[in-house]
Each structure stands twice: as structure tokens, then as C-alpha cells.
Amino acid sequence: TQLLEQSPQFLSIQEGENLTVYCNSSSVFSSLQWYRQEPGEGPVLLVTVVTGGEVKKLKRLTFQFGDARKDSSLHITAAQPGDTGLYLCAGTSGSARQLTFGSGTQLTVLP
Amino acid sequence: EAQVTQNPRYLITVTGKKLTVTCSQNMNHEYMSWYRQDPGLGLRQIYYSMNVEVTDKGDVPEGYKVSRKEKRNFPLILESPSPNQTSLYFCASSFGTPMSSYNSPLHFGNGTRLTVT
């Protein structure tokens, strides 16, 4: 089983600040997804990155897939309280039919 | 509305009493999966199914059973629950397999919180 490590595990910031969350592995992934989970709900897909070096933007969120396809980052600009939630990365590899999830980053944005 | 429905949302039971958590999706998805979520451990896959009558073990299958007799339903069965199965459980589905996930994201249910005393 491939392992995905996320950091930091917890992050509490003030509204308006910028932040970056990291997702790292020693394995190569064919694709990587980012999900956000709010209390009492299941995770919801934010983005999928497929190509090494790929950058995708979703409003104030910027996602990057590492050149070697072993790591990814999520950058949030000018965080808002509505960004509060658990952010999960998940990857697939060419040899597995499973989606492996990281342990998550719990983000709290204070007003 | 396209959705994955799990029941029940909350369940408290005692050790050894068989239980079933139901999961149903209305999107005609081929791939379905069960995960458990525990603090600090993220989502760990229990079982998955590529299609009707095709199921396979995930990373933590011990103590669980599943069946896929119909495309829309994928129940999770705990024959003899134990306290270490206390967790938050999620069912998910997608049109294709995770290997084709760039075109078929996972859709999750809202979870079942199980407590085994």
C-alpha cells in the first residue's frame, strides 16, 4: 500500500492569511486528488491533477502536482472562515485499483 | 438528485451482535467502496467492488463482509462487531475505477458513526 503523508496535521489561521498544505509520498502516483470534508459530511472532490508539474486553480485555491508525481501542494490565498474543513489528498498508482488517502489537514480559519 | 445514501447515520451496538450498514447509489456507478475514518489515520479502505458480483479486499478487511448483488447497493456487514470497529464509516461510488479517477471522482455518503460497546 502506498503511503501519503500530509502536513501540517492541524492549522489554525486568521481570516485573510495565506497557507500551504503538503501531501508527500515515496511512491509515484498516476493521479492525485484533493478533497474537502466538513463536519457530518463525506469528502467532496476539489480537483484532480494528472500531469507532473501541473498547476490548477480553483478561485483562491491553487493545486500543484510535483514534477516527479510523488508530491502535491494546496495553497489558499486570503483564507476565509468558509475554507474551514479537513483537507485530504488521495492518490492512485498504475499497479493498484484503489485510492489511497492521506491522513488529512484540519484547517480552521478564524474570523 | 445524484447521491450516495447510507443508513443508519448513527448506530450503537454491543460486542458480537451482527449488524449491516446499507449503502445505495442512484448514479449507475460501477465502482463502490467502503472506508473507515479514524482520527490521525485518514480514510482506510475496507472493501471495494468493481461491478456486480465482483468484490475485493482493501487495506483493512478483517472483521467485515460485503456483497454486491445489485449495481446500486453495497452493504457492509459486521458478523461479530468488536470495540476496535468503533469508527466513522463512509460508502463511496464512482463511474469508473480509481485508475481512471481523473474522469470519475468518488462520491461519498454522509457517513455512519458506529459505536461498539
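An account of the accompanying structure is given in this report. Note that this is a predicted model, so its numbers are computed, not measured.

Here we look at the sheet that holds strand β3 (residues 19-24) of chain A
Hydrogen bonds between backbone groups are what pair the strands of a sheet, and the pairing can be parallel or antiparallel.
Residues and elements named next belong to chain A.
Okay, step 1: Sheet architecture is open: 5 strands sit in the order β1-β3-β8-β7-β6, paired in antiparallel fashion. A single partner strand is all that each edge strand has here, and the edge strands are β1 (5-7) and β6 (55-58). This sheet shows a mean twist of 15° between the axes of neighbouring strands, independent of strand direction.
Okay, step 2: Direction of pairing for β6 relative to strand β7 (residues 61-65): antiparallel, over a ladder of 4 bridges. Bridging across to β7, Val55 finds its partner in Gln64.

Describing the state of the cysteines
Okay, step 1: Applying the stated criterion to the full structure yields 2 disulfides over all chains.
Okay, step 2: Residue pairing for Cys23 of chain A: its cysteine sulfur links by disulfide to Cys89 of chain A, the two sulfurs lying 2.1 Å apart. Because the torsion about its S-S bond is 75°, the bridge between Cys23 of chain A and Cys89 of chain A counts as right-handed. Of this pair, Cys23 of chain A sits in strand β3 while Cys89 of chain A sits in strand β9 (residues 85-92); the two residues are 66 residues apart in sequence, bridging distant segments of the chain. Each member of the pair, Cys23 of chain A as well as Cys89 of chain A, carries the same accessibility label: buried.
Okay, step 3: Here Cys23 of chain B pairs with Cys91 of chain B through a disulfide, and the sulfurs are 1.9 Å apart. On the S-S bond that ties Cys23 of chain B to Cys91 of chain B, the torsion sits near -75°, and the link is left-handed. Taken together, the residues span a long stretch of sequence, with Cys23 of chain B in strand β3 (residues 19-25) and Cys91 of chain B in strand β9 (residues 87-94) at a distance of 68 residues. Pair check on accessibility: Cys23 of chain B and Cys91 of chain B agree, each one buried.

Basis of the calculations
- Residues numbered from 1 in each chain as written.
- Chains lettered and ligands numbered in written order.
- Predicted model: local features only at pLDDT ≥ 70, side-chain atom pairs only at ≥ 80, totals over all residues.
- Heavy atoms only, no water.
- Pairing = 2+ DSSP bridges.
- Helix = DSSP H or I, 4+ residues; strand = E, 2+ residues; numbered from the N terminus.
- Axes fitted to C-alpha atoms, helices over the stretch in contact; angles between N-to-C directions.
- Disulfide = S-S within 2.5 Å.
- Buried < 20%, exposed > 50% of the residue type's maximum accessible area, 1.4 Å probe, protein only.

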